[in-house]
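Listed below are the residues making up each chain.
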Amino acid sequence: MENKNDVIEIRNLNKWYGDFHVLKDINLNVKKGEIIVVAGPSGSGKSTLIRCINYLEQFQEGKIVVNDIELSEDVKKIKAVREDVAMVFQHFNLFPHLTIVDNLTLAPIWVKNTPKKEAIATAMEYLERVGIADQAKKYPNQLSGGQQQRVAIARSLCKNPSIMLFDEPTSALDPEMISEVLDVMIELAQEHRTMVCVTHEMGFAKKVADRVIFMEAGQIIEENTPEEFFENPQSDRLKLFLSQILSH
Amino acid sequence: MAVYKKVETREAPSGSKGILHWLRDNLFSSPLNSAMTVLGIALLLWVIPPFIKWSIIDANFVGHTRADCTGDGACWIFVRAKLSMFMYGFYPEAERWRVNLVYLLFFVVIAAFKFLKSNGFKITIATLYFIVAFILIRGGYFGLPEIDTNKWGGLMLTIVISAVGIVGSFPIGILFAFGRASSLPIIRSVSVTYIEFIRGVPLITILFMSSVILPLFFPEGVTFDKLLRALIGITFFQAAYIAEIIRGGLQAIPKGQYEAADAVGLSYWQKMLLVILPQALKVAIPNLVGSFIALFQDTTLVLIIGLFDLLAMVQLTGSDSHWLGFETEGYVFVTIIFWVFCYSMSVYSKSLEKRFNTNLK
């Protein structure tokens, strides 16, 4: 990596879905402990971008280096990157056939060979932190959306990742459940974990982000501190976007 | 604060309950429906009383030879006289306790499963059961005389074939289903070719191939047990169908499940076996059991390669010169046995679905 403090480095990233050019020449560096919010209209490629970081999406051109590991088709490298990068999805993606606690202990037990007792203890600790320890024996479908998303965050924390990716974590939630999830995310942000969040929650961005990135049609159009981003937008496209999402 | 009182569900209005209402709703809702109902009742009246008369009222239950069958009805003495043939075929009488012990052990294992929590234990015990069952039935070890497979027959053979077919085809089917869903072109095309080839061929053809054509390719003097060949044929036949059923289950699993499993760091096999397969199987249970029931019935086809399963045993005993003309009783008896087995599987399938239902609200 060019800069020692960078944990994620994205260089000239290009990706196509068939003929559709989703990501156009993306360059992005993320420093250790930095909190980045990625905003933009739907279809702008923001989800695709962060899904490239843990190689859920393959890309055709450019390079991504995470924790000094350059991503490629090499399974070992992908595994090494994923060990330290957690992801929270829009639709939670909890495993519906497992209880809440089993959802959390599955990966530690099978991937890291953690003894079962220890894994359960860790899982309960994280469930406690997100405030759902009392639901540990239930199945995901018995929980509300907000609770499920908090479980999903607890699950992603179980491997104690240094980087966390959030892919629109509140978009599928009922309005009154958004804050309970955001509260957990704000708490995490204060722990100096590196976070990259794709979200439309501009309040969250103002509060915790170190940098806000605006994407449109597969390109990064603007990149700034939250103050500048909201108070002093440069491009017309961002001005329009902000006026649309902040007007009501 | 307002106090709310629970309101009990009201009873249905008198016009919409009771037998009369049920009859009107279900049997006489339209002129056509009424006609069908009357026709149906007439049909039942035409068929059932004579059957009861034949099978119970006029039937003969007591006696030992066909001379004791004096009435006009069914001669159940035939079934009683040949019962051991129906159950064990030509398996030597002195050794039949071994088969019975295997049946008994089956229920012991099922009971043990109720108390075992660890899946590893269950798999170990099930594997052990199959090894013990094999040793007991075939013999040749621990001083048990070896019973040649051409002596196996009747219900016991039917159960052996279907059990091996079901247990053997299941893992193979899963592998082919994974193969067909694989992103590696070679594995995918091998799986597709296999599945489509097998599904394009009737089971009878595969049984003929395995018993008549296959030996032609063996070098002189090499013989392969006929039952073993049939078992292999049936297992690989069934595997193709299982693969397609499981593929259906796999397609019902949202992409997010694969992504979540990848994101938490599971390897391909961990992802497939711990996250995807359990959910896919749950979806596939009704079709899987349906396919196993069909297999149980299809085992009767082994008759054509000279194996005497339950159905074939009726044909054989019916041509016994002392008991000519009593096949009907034999077939009715066999029908009941087949129904009991198939219906049990169907009931078990329902209980499995219930047990694995985690969409509780």
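Would you explain the confidence of the model for chain B in this entry?
Any residue range with low pLDDT should be treated as having predicted coordinates unsuitable for detailed reading. Residue and element names in this part refer to chain B. Per-residue pLDDT for chain B averages 86, and the proportion of residues at 70 or more is 98%. When pLDDT is averaged over each element of chain B, helix 10 (residues 255-263) comes out on top at 94 and helix 1 (residues 18-26) at the bottom at 80. This prediction of the complex comes with two scores: 0.83 for pTM and 0.91 for ipTM.

Looking at this model, I keep getting lost on the packing of aromatic side chains. Mind explaining?
Here the distance between the centres and the angle between the planes together describe a pair of aromatic rings. Following the criterion strictly, the structure yields 17 aromatic pairs over all chains and no others. Measuring from ring centre to ring centre gives 4.1 Å for Phe-176 of chain B and Tyr-194 of chain B, while their planes differ by 5°; the resulting arrangement is stacked. Highlighted residues: Phe-176 of chain B in helix 6 (residues 154-181) and Tyr-194 of chain B in helix 7 (residues 185-199), separated in sequence by 18 residues. Take Phe-176 of chain B: its relative accessible area is 17%, and that puts it in the buried class. Considering the side-chain rings of Phe-178 of chain B and Trp-269 of chain B, the 6.0 Å spacing of their centres and the 50° angle between planes classify their relative orientation as tilted. One end of the pair, Phe-178 of chain B, is in helix 6; the other, Trp-269 of chain B, is in helix 11 (residues 268-298), and 91 residues separate them in sequence. Using a relative accessible area of 3% as the deciding quantity, one classes Phe-178 of chain B as buried. Classification of Trp-269 of chain B by relative accessible area gives partly exposed; the value is 46%. These aromatic residues form a ring-pair network of at least three members: Phe-106, Phe-107, Tyr-129 and Phe-130 of chain B. A cation over an aromatic ring shows up here: Lys-206 of chain A above the ring of Phe-230 of chain A, its NZ or CZ 5.1 Å from the ring centre. Stacked on the ring of Phe-356 of chain B, the Lys or Arg Arg-355 of chain B has its end atom at 5.4 Å from the ring centre.

Whenever I open this one, the nonpolar core confuses me. Can you help?
One finds Ile-10 and Leu-13 of chain A together with Phe-86 and Trp-152 of chain B to be the most contacted residues of the largest nonpolar core, which totals 124 residues. The greatest single-element share of this core, amounting to 14 residues, is contributed by helix 11 of chain B. Phe-86 of chain B has contacts with Phe-78, Val-79, Gly-154, Leu-155, Leu-310, Met-313, Val-314, Thr-317, Gly-330 and Phe-333 of chain B, leaving out every residue within four places of it along the chain. Ranked by size, the runner-up nonpolar core spans 50 residues in total, among them Leu-127, Cys-158, Ile-178 and Val-212 of chain A.

For this particular structure, what's the right way to read helix 1 (residues 46-53) of chain A?
Owing to its 3.6 residues per turn, the α-helix aligns residues three or four sequence positions apart on the same side. Residues and elements named next belong to chain A. Counting buried positions over the 8 residues of helix 1 gives 7, a clear majority of the element. Of all the residues in helix 1, the buried ones are Lys-46, Thr-48, Leu-49, Ile-50, Arg-51, Cys-52 and Ile-53. Remark: Tyr-55 follows helix 1 within two positions and exhibits a positive phi of approximately 60°.

Teacher, can you tell me more about the packing of helix 10 of chain B against helix 11 of chain B here?
Two numbers describe a pair of packed helices, the interaxial angle and the distance between the axes. Residues and elements named next belong to chain B. Where helix 10 meets helix 11, the axes come as close as 10 Å, and the angle between the chain directions of the two elements is 155°. The angle between the axes of helix 10 and helix 11 places the two elements in the roughly antiparallel class. Our pair here, helix 10 against helix 11, has a crossing hand that is right-handed. Across the interface between the two elements, Gln-257, Tyr-258, Ala-261 and Asp-262 from helix 10 touch Lys-271, Met-272, Val-275, Ile-276 and Gln-279 from helix 11.

I'm lost on the interface of chain B and chain A in this one. Help?
A common measure of how large an interface is: the accessible area buried when the components associate. Between chain B and chain A, the residue contacts involve 20 residues of the former and 22 residues of the latter. Both faces combined, the contact of chain B with chain A buries some 2,000 Å², and carbon together with sulfur accounts for 60% of it. It is Ala-263, Val-264 and Thr-358 of chain B that lose the most area in chain B upon contact with chain A, and together they represent 27% of the buried surface on that side. Our enumeration of links across chain B and chain A arrives at 2 salt bridges. Its salt-bridge partner being Arg-82 of chain A, residue Asp-262 of chain B comes within 3.9 Å of it at the nearest N-O pair.

So what exactly am I meant to see when it comes to the sheet that holds strand 8 (residues 194-198) of chain A here?
Strand pairing in a sheet relies on backbone hydrogen bonds. The paired strands run either parallel or antiparallel. Residues and elements named next belong to chain A. Within the open sheet, the 6 strands sit side by side as 6-7-8-3-9-10. Their pairing is mixed. The strands lining the two open edges of the sheet, one partner per strand, are strand 6 (85-88) and strand 10 (219-224). Geometrically, the sheet is characterised by an average inter-axis angle of 20° between neighbouring strands, direction not taken into account. Packing against the sheet, helix 1 makes contact with strand 3 (35-39), strand 6, strand 7 (163-167), strand 8 and strand 9 (211-216), and its axis sits at approximately 150° to strand 7. The sheet contacts of helix 6 (residues 175-189) involve strand 3, strand 7 and strand 8, and relative to strand 8 the element is tilted by about 150°.

Hey, could you run me through the environment of Gln-90 of chain A in this one?
Residues and elements named next belong to chain A. Positionally, Gln-90 belongs in the loop between strand 6 and helix 3 (100-111). On a C-alpha basis, the gap between Gln-90 and Thr-199 in space is 9.7 Å, while along the polypeptide they are 109 residues apart. When sequence neighbours within four positions are dropped, the list of residues in contact with Gln-90 reads Gln-149, Asp-167, Glu-168, Pro-169, Ser-171 and Ala-172.

Any chance you could explain the pairing of strand 6 of chain A here in plain terms?
All names here are of chain A. Along strand 6, one buried face is formed by Val-85 and Met-87 and the opposite face, lined by Ala-86 and Val-88, is buried too. Note that strand 6 and strand 7 share 4 bridges and pair parallel. Paired with Val-85 across the bridge in strand 7 is Ile-163.

I tried to follow the pattern of salt bridges on my own but got confused; where do I start?
A side chain with one charge can pair with a side chain of the opposite charge if their charged atoms come near. Inspection of every chain in the model, using the stated rule, returns 21 salt bridges over all chains. For the salt bridge of Glu-95 of chain B with Arg-98 of chain B, the shortest nitrogen-to-oxygen distance reads 2.8 Å. Residue Glu-95 of chain B is classed as buried on the basis of its relative accessible area of 16%. On the basis of relative accessibility, which here comes to 0%, the residue Arg-98 of chain B falls in the buried class. Residue Lys-255 of chain B pairs with Glu-259 of chain B through a salt bridge whose shortest N-O separation is 3.5 Å. Remark: Glu-259 of chain B and Lys-255 of chain B occur in helix 10; sequence separation between them is 4 residues, near one turn of the helix. Look at Lys-255 of chain B and you get exposed, because its relative accessible area is 59%. Among the residues examined, Glu-259 of chain B registers a relative accessible area of 11% and is labelled buried. In this structure, a network of salt bridges that share partners links the residues Lys-15, Arg-51 and Glu-57 of chain A together with Lys-255 and Glu-259 of chain B.

Conventions and cut-offs
Residues numbered from 1 in each chain as written. Chains lettered and ligands numbered in written order. Predicted model: local features only at pLDDT ≥ 70, side-chain atom pairs only at ≥ 80, totals over all residues. Heavy atoms only, no water. pLDDT = per-residue confidence, 0-100. Helix = DSSP H or I, 4+ residues; strand = E, 2+ residues; numbered from the N terminus. Phe/Tyr/Trp six-rings, centres within 6.5 Å; stacked < 30°, edge-to-face > 60°. Buried < 20%, exposed > 50% of the residue type's maximum accessible area, 1.4 Å probe, protein only. Lys NZ or Arg CZ within 6 Å of the ring centre and 35° of its normal. Core = buried A, V, L, I, M, F, W, Y, C linked by side-chain atoms within 4.5 Å. Contact = heavy atoms within 4.5 Å. Axes fitted to C-alpha atoms, helices over the stretch in contact; angles between N-to-C directions. Parallel < 35°, antiparallel > 145°, perpendicular 65-115°, else oblique. Left-handed = near helix turned anticlockwise from the far one by under 90°. Buried area = accessible area lost by both parts, 1.4 Å probe. Salt bridge = Lys/Arg side-chain N within 4 Å of Asp/Glu carboxyl O. Pairing = 2+ DSSP bridges.

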